[in-house]
Amino acid sequence: MARHGRGDDASQLLLFDPPAAAAAPVQPPVAPPRVAPAAPVAPGIFRHPRAQREVVFGEHRVAYELRRARRRSIGFVVGAEGLSVAAPRWVGQGDIDAALREKAAWILRKLAEQHERGERLQAARVDWRDGTTIPFLGEPVIVVLDPRGGTARAGAQLRTDADADAKAAPGALRLTLHLALPQHAAREQ
């Protein structure tokens, strides 16, 4: 069996020989990709409904719920209600405050996201009453409370009415959802 040495092939290295100084071109270090900074959070007050403690991050005031639990570390949960902190019984309030300050940017970002999500849900909420418009398969549908439906024809009926609306574009269909309910029906109905 032939043994390869240094003279045979310069690209092969022997297992026990020290590495030779390579004359390979030195490439500059690659800079990490730039990440766009998060949108700044408007100053505000974020308050959990069961808040017992409060912390201030610059111009932001965050009232949070503190729960003592059997766990090994401090945990943060940002939900629709606000910030909840779960901490072991043996961790002092100073350590909890330090952990909150360390995660302040994350907490504020998540609170802002929850606030925006709540606003979007509120905007999408349907006020169920006669004449309201709801989206259905990309088209607006007008809700009509129709007491004539009575008990004989309970339920709902989707109708298309091209001629009923003079303001509509020619050939456009107007969708109405007729519900067999009296005009003064409660929202729950």
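As the structure is a prediction and not an experimental result, all values here were calculated from the model.

Q: How should I be thinking about the layout of surface pockets in this particular structure?
A: In this model, the largest pocket occupies a volume close to 240 Å³. Together, 14 residues line the largest pocket, and Gly79, Ala80, Leu111, Gln114 and His115 are the ones closest to its centre. Looking at the lining of the largest pocket, the elements with two or more residues in it are strand E1 (45-47) and helix H2 (104-124). Here the lining of the largest pocket takes seven residues from H2, the largest share from any one element.

Q: For this particular structure, what's the right way to read the nonpolar core?
A: One recurring pattern in soluble globular proteins is that nonpolar side chains are buried together. If you look at the biggest cluster of nonpolar residues, it comprises 19 residues, and the most contacted ones within it are Phe57, Val62, Tyr64, Leu83, Val85, Ile96 and Leu100. Counting residues per element, this core draws most heavily on H2, which supplies four residues. Those residues in contact with Leu100 that lie beyond four places of it in its chain are Val55, Phe57, Tyr64, Phe76, Leu83, Val85 and Ile107. Val141, Leu145, Leu177 and Leu179 belong to the second largest nonpolar core, which has eight residues in total.

Q: What should I look at first to understand the sheet that holds strand E9 (residues 175-179) in this one?
A: If you trace the four strands from one edge of the open sheet to the other, you get E6-E7-E9-E8, paired in mixed fashion. Two strands in the sheet have a free side with no partner beyond their single neighbour: strand E6 (133-136) and strand E8 (156-160). On average, each strand axis in the sheet is inclined to that of its neighbour by 35°, with strand direction left out of account. Summarising the sheet, strand E7 (residues 139-145) and E9 pair through five bridges and their orientation is parallel. Residue pairing in the sheet places Val141 in a bridge with Leu175 of E9.

Criteria and thresholds
- Residues numbered from 1 in each chain as written.
- Predicted model: local features only at pLDDT ≥ 70, side-chain atom pairs only at ≥ 80, totals over all residues.
- Heavy atoms only, no water.
- 1 Å grid on protein atoms, 1.4 Å probe; cavity = no way out; pocket = protein on both sides within 12 Å on 5 of 7 lines; lining within 4 Å.
- Points joined across faces, edges and corners; volume = space filled by probe spheres on them.
- Helix = DSSP H or I, 4+ residues; strand = E, 2+ residues; numbered from the N terminus.
- Core = buried A, V, L, I, M, F, W, Y, C linked by side-chain atoms within 4.5 Å.
- Buried < 20%, exposed > 50% of the residue type's maximum accessible area, 1.4 Å probe, protein only.
- Contact = heavy atoms within 4.5 Å.
- Pairing = 2+ DSSP bridges.
- Axes fitted to C-alpha atoms, helices over the stretch in contact; angles between N-to-C directions.

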